[in-house]
Amino acid sequence: MQIGMIGLGRMGANMVRRLLRHGHECIVNDRNPEAIKTLVDEGAIGAASIDDFLSKLKQPRAIWLMIPAALVDTMLNELVPHVAAGDIIIDGGNSFYIDDIRRARELKAKNIHYVDVGTSGGVWGLERGYCQMIGGEKEVVTYLDPIFKALAPGSETVAPTPGRAAGTAVEGYLHCGASGAGHFVKMVHNGIEYGLMAAYAEGLNVLHHANAGKVERTHDAETTPLRNPDHYQYDFNLADITEVWRRGSVIASWLLDLTAIALADSPQLEGFSGRVSDSGEGRWTINAAIDEGAPVPVLSAALFQRFSSRGDADFANKILSAMRFQFGGHHEKK
């Protein structure tokens, strides 16, 4: 099957490679000419401009966008005047599902199909495959099935849940519903990801500080005393602990695998400052939960911790320190 890919970054390029391995013809475009050349050398067909890109795609065209969510509308504005009725535009990034609903409605008026695909797999997807959560018209999703199947991990990677009926979910891709459904499911997926990551980080931090009893503590009114220093005399090897947790533990997961790799490479994680970004999905998950009245205390705390990691809590902390000084004359410890 032929497909066009716009956006050849960390995920887009490897998705093209995986599609090429499965015999699909890929027309590729990116603002970086070197990214195009690299994939042309591997068997893709390059297109230096949008006009060139569209001219090389057979109708009905299938155009996959793998670009930042903030750029999707700009790209659609560039594409839509030149595509034809029956063409399909696929957004495989992390767009807000409400934007998908609007885009699908606007494009339907022009007889252009729109499919939203929440894509998970990151930089490991080339070898592991990509989990895909898909929204859009059933007939169009079915037409694109060979593409989704090629990108997906396949049923052999994880044994199906006993007793469940057959379907594409066991292959690693799923038509979740109408327009926006794919990105809605991916949005919540990423919200859960925030919570899982925060849980691992907090637990490992407790282990990291389990030698607190060996540290000399100041004895003054500003320092909480450690009543039993002998209870905290452990120097844990976190690389070994995460490694052993990977085997037979109830908290084993791919995120734990990746954590073990990071700690094996750098036990003190010297190359990281601790500043953690968020790309929007965690916020949107919490907004949806508020609208639904669904409590999400863990996911909310995980998102707010990311804000704090970027210094966004610094002013609040200054307020706390100022209040302590005002009511009790407490000076900050240096």
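Residues numbered from 1 in each chain as written. Predicted model: local features only at pLDDT ≥ 70, side-chain atom pairs only at ≥ 80, totals over all residues. Heavy atoms only, no water.

Visitor: Just checking my understanding: could you explain the nonpolar core for this structure?
Guide: Across soluble globular proteins, nonpolar side chains show a tendency to be buried alongside one another. One finds Leu 8, Val 16, Val 28, Trp 64, Val 115 and Phe 148 to be the most contacted residues of the largest nonpolar core, which totals 32 residues. With 5 residues, helix 1 (residues 10-21) is the largest single contributor of residues to this core. Excluding residues that lie within four positions of it along the chain, Phe 148 makes contacts with Trp 64, Val 115, Val 117, Gln 132, Ile 134, Val 141 and Tyr 173. (Core = buried A, V, L, I, M, F, W, Y, C linked by side-chain atoms within 4.5 Å. Buried < 20%, exposed > 50% of the residue type's maximum accessible area, 1.4 Å probe, protein only. Helix = DSSP H or I, 4+ residues; strand = E, 2+ residues; numbered from the N terminus. Contact = heavy atoms within 4.5 Å.)

Visitor: Just to check I follow, could you spell out the sheet that holds strand 6 (residues 113-120) for this structure?
Guide: What holds strands together in a sheet is hydrogen bonding between their backbones, with the strands either parallel or antiparallel. Spatial strand order, 3-2-1-4-5-6-7-8: 8 strands in an open sheet with mixed pairing. Bordering the open sheet on either side are strand 3 (45-46) and strand 8 (173-177), each of which pairs with just one other strand. Pairing of strand 6 with strand 7 (residues 131-135), which is carried by 5 bridges, proceeds in the antiparallel orientation. Paired with Thr 119 across the bridge in strand 7 is Gln 132. Sheet strands in contact with helix 9 (residues 181-208) are strand 5 (88-91), strand 6, strand 7 and strand 8, and its direction is about 20° off that of strand 6. (Pairing = 2+ DSSP bridges. Axes fitted to C-alpha atoms, helices over the stretch in contact; angles between N-to-C directions.)

Visitor: Please clarify how the pairing of strand 1 (residues 2-6) should be interpreted in this entry.
Guide: A regular strand carries its side chains on alternate faces of the sheet. A large share of strand 1 lies buried, amounting to 5 of its 5 residues. Residues Gln 2, Gly 4 and Ile 6 of strand 1 are buried on one face, and the alternating residues Ile 3 and Met 5, pointing to the opposite face, are buried as well. Relative to strand 2 (residues 25-29), strand 1 runs parallel, the two sharing 5 bridges. Paired with Ile 3 across the bridge in strand 2 is Cys 26. Chirality of the crossover, the property in question, places the unit of strand 1, helix 1 and strand 2 among those that are right-handed. One ladder, built from 3 bridges, connects strand 1 with strand 4 (residues 62-65); its direction is parallel. The residue bridging Met 5 from the neighbouring strand is Trp 64, located in strand 4. (Right-handed = clockwise from strand over helix to strand, strands pointing away.)

Visitor: What is the right way to read the pattern of salt bridges from this model?
Guide: Oppositely charged side chains are able to pair whenever their charged atoms sit close together. By the definition in use, this model includes 20 salt bridges. Measuring nitrogen to oxygen at the nearest pair gives 3.6 Å for the salt bridge that ties Lys 149 to Glu 171. Of this pair, Lys 149 sits in helix 8 (residues 145-151) while Glu 171 is found in the loop between helix 8 and strand 8, placing the two residues 22 residues apart along the sequence. Residues Arg 246 and Asp 257 are paired through a salt bridge, measuring 2.8 Å at the closest nitrogen-oxygen approach. Of this pair, Arg 246 sits in the loop between helix 10 (238-245) and helix 11 (254-265) while Asp 257 sits in helix 11, placing them 11 residues apart in sequence. Arg 246 sits in the partly exposed class, given a relative accessible area of 32%. What emerges from the salt-bridge pattern is a single network uniting Asp 73, Asp 91, Asp 99, Asp 100, Arg 102, Arg 103 and Glu 106. (Salt bridge = Lys/Arg side-chain N within 4 Å of Asp/Glu carboxyl O.)

Visitor: Would you mind showing me how to read unusual backbone geometry here?
Guide: Working note: non-glycine residues mostly have negative phi, and peptide bonds are mostly trans. Looking along the chain, the bond that leaves Gln 59 and enters Pro 60 is cis, with omega of -5°. Residue position: Pro 60 is located in the loop between helix 3 (50-55) and strand 4. The phi dihedral of Asn 111 falls on the positive side, at around 60°, and the residue is not glycine. Positioned with a positive phi, Leu 269 is a non-glycine residue whose angle comes to about 55°. Looking at where Leu 269 falls in the secondary structure, it is placed in the loop between helix 11 and helix 12 (281-292). By relative accessible area, which is 33% here, Leu 269 ends up partly exposed.

Visitor: Could you clarify how one ought to interpret a nonpolar patch on the surface in this entry?
Guide: The grouping of Phe 315, Ile 319, Leu 320, Met 323 and Phe 327 at the surface amounts to a nonpolar patch, some 570 Å² of accessible area in total. With respect to the helices and strands, Ile 319 occurs in helix 14 (residues 314-328). (Patch = residues over 30% accessible without salt bridge, like charges linked within 9 Å, V, L, I, M, F, W, Y side chains within 5 Å. Areas by Shrake-Rupley, 256 points an atom, 1.4 Å probe, with all protein chains shown as cover.)

Visitor: Just checking my understanding: could you explain the side chain of Arg 306 for this structure?
Guide: As for its position among the elements, Arg 306 is in helix 13 (residues 297-309). One buried charge, Arg 306, has no salt-bridge partner; the nearest side chain with opposite charge is Glu 193, at 5.1 Å. Non-local contacts of Arg 306, meaning those with residues more than four positions away in its chain, are made with Tyr 194, Met 197, Val 276, Ser 277 and Asp 278. (Lys, Arg positive; Asp, Glu negative; His and termini not counted.)

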